[in-house]
Amino acid sequence: VLVAEDGRQALQTFQDHGDEIALALLDLVMPHLGGGALVERFRESRPGLPIVISTGYAPDTVEGSVPLGDGTTLLEKPYRGVDLLRRVRESLDG
């Protein structure tokens, strides 16, 4: 597990370890660089990477700001640990 404090650090971590990352779990709203922008950057170098975007916003309000599909899914807050585990497993299984 690689942890980043904000969007810039997440991008740097991805650039440093991108080939080792099996799945990215991002928050939609992060300081310095949001989850939607990170999805686009990650997709440039790893098109098939599973990405889970965690958000407290309703899915219909998020759809325009995050490129969903192609392995990118939303996980609505609040969620239970079992919901996170299930979404991660589903994303990894494709």
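About the criteria used
- Residues numbered from 1 in each chain as written.
- Predicted model: local features only at pLDDT ≥ 70, side-chain atom pairs only at ≥ 80, totals over all residues.
- Heavy atoms only, no water.
- Helix = DSSP H or I, 4+ residues; strand = E, 2+ residues; numbered from the N terminus.
- Buried < 20%, exposed > 50% of the residue type's maximum accessible area, 1.4 Å probe, protein only.
- Lys, Arg positive; Asp, Glu negative; His and termini not counted.
- Salt bridge = Lys/Arg side-chain N within 4 Å of Asp/Glu carboxyl O.
- Polar contact = N/O pair within 3.5 Å; in protein donor to acceptor, adjacent residues only side chain to side chain.
- Contact = heavy atoms within 4.5 Å.
- 1 Å grid on protein atoms, 1.4 Å probe; cavity = no way out; pocket = protein on both sides within 12 Å on 5 of 7 lines; lining within 4 Å.
- Points joined across faces, edges and corners; volume = space filled by probe spheres on them.
- Nonpolar A, V, L, I, M, F, W, Y, C, P; charged D, E, K, R; others polar.
- pLDDT = per-residue confidence, 0-100.
- Axes fitted to C-alpha atoms, helices over the stretch in contact; angles between N-to-C directions.
- Parallel < 35°, antiparallel > 145°, perpendicular 65-115°, else oblique.
- Phe/Tyr/Trp six-rings, centres within 6.5 Å; stacked < 30°, edge-to-face > 60°.
- Pairing = 2+ DSSP bridges.

**Comments concerning the side chain of D6**
Here is step 1: Inspection of the secondary structure puts D6 in the segment before α1 (7-17).
Here is step 2: No salt bridge is formed by the buried D6. Its closest oppositely charged neighbour is R8, at 5.7 Å.
Here is step 3: A distance of 2.8 Å separates a polar atom in the side chain of D6 from the backbone nitrogen of Q9.
Here is step 4: Residues contacting D6, with those up to four places away along its chain left out, are P31 and H32.

**Let's talk about the layout of surface pockets**
Here is step 1: A volume near 590 Å³ is recorded for the largest pocket.
Here is step 2: Around the largest pocket, the lining is made up of 21 residues, and of these V1, L2, L23, A24 and L25 lie nearest the centre.
Here is step 3: Listed by contribution, the elements that provide at least two residues to the lining of the largest pocket are α1, β1 (24-27) and α4 (81-93).
Here is step 4: Here the residues of the lining of the largest pocket sort into 16 nonpolar, 2 polar and 3 charged.

**Considering the confidence of the model for the protein chain**
Here is step 1: Taken as a whole, the protein chain shows an average pLDDT of 91; of its residues, 99% reach a score of 70 or greater.
Here is step 2: Put simply, helix α3 (residues 59-62) is where the protein chain has its lowest mean pLDDT, 74, and α4 is where it has its highest, 97.

**Things to note about the packing of α1 against helix α2 (residues 35-45)**
Here is step 1: Running from amino to carboxyl end, α1 crosses α2 at an angle of 10°, the nearest separation of the two axes being 11 Å. Viewed along their axes, α1 and α2 adopt a mutual orientation that is roughly parallel. Only L38, R41, F42 and S45 of α2 make contact with α1, whose side of the interface consists of G7, A10, L11 and F14.
Here is step 2: A per-class count over the contact of α1 with α2 returns 5 nonpolar, 2 polar and 1 charged.

**A closer look at the packing of aromatic side chains**
Here is step 1: In this structure the tally under the stated criterion is 1 aromatic pair.
Here is step 2: With centroids separated by 4.0 Å and ring planes inclined at 15°, the aromatic side chains of F14 and F42 adopt a geometry described as stacked. Linking F14 in helix α1 with F42 in helix α2, this pair joins segments that are 28 residues apart in sequence. Each member of the pair, F14 as well as F42, is classed as buried.

**Things to note about the side chain of S91**
Here is step 1: By the secondary structure assignment, S91 is in helix α4.
Here is step 2: Setting aside residues no more than four positions away along its own chain, S91 makes contact with L23, P50, V52 and T73.

**Some remarks on the sheet that holds strand β2 (residues 51-55)**
Here is step 1: Taking strand neighbours across the sheet as the criterion, the 3 strands line up as β1-β2-β3 in an open arrangement whose pairing is parallel. Edge positions in the open sheet fall to β1 and β3 (72-76), since each of these has one partner strand only. Shown here is a sheet whose adjacent strand axes are inclined to one another by a mean of 25°, direction ignored.
Here is step 2: Across 4 bridges, β1 lies against β2 in parallel orientation.

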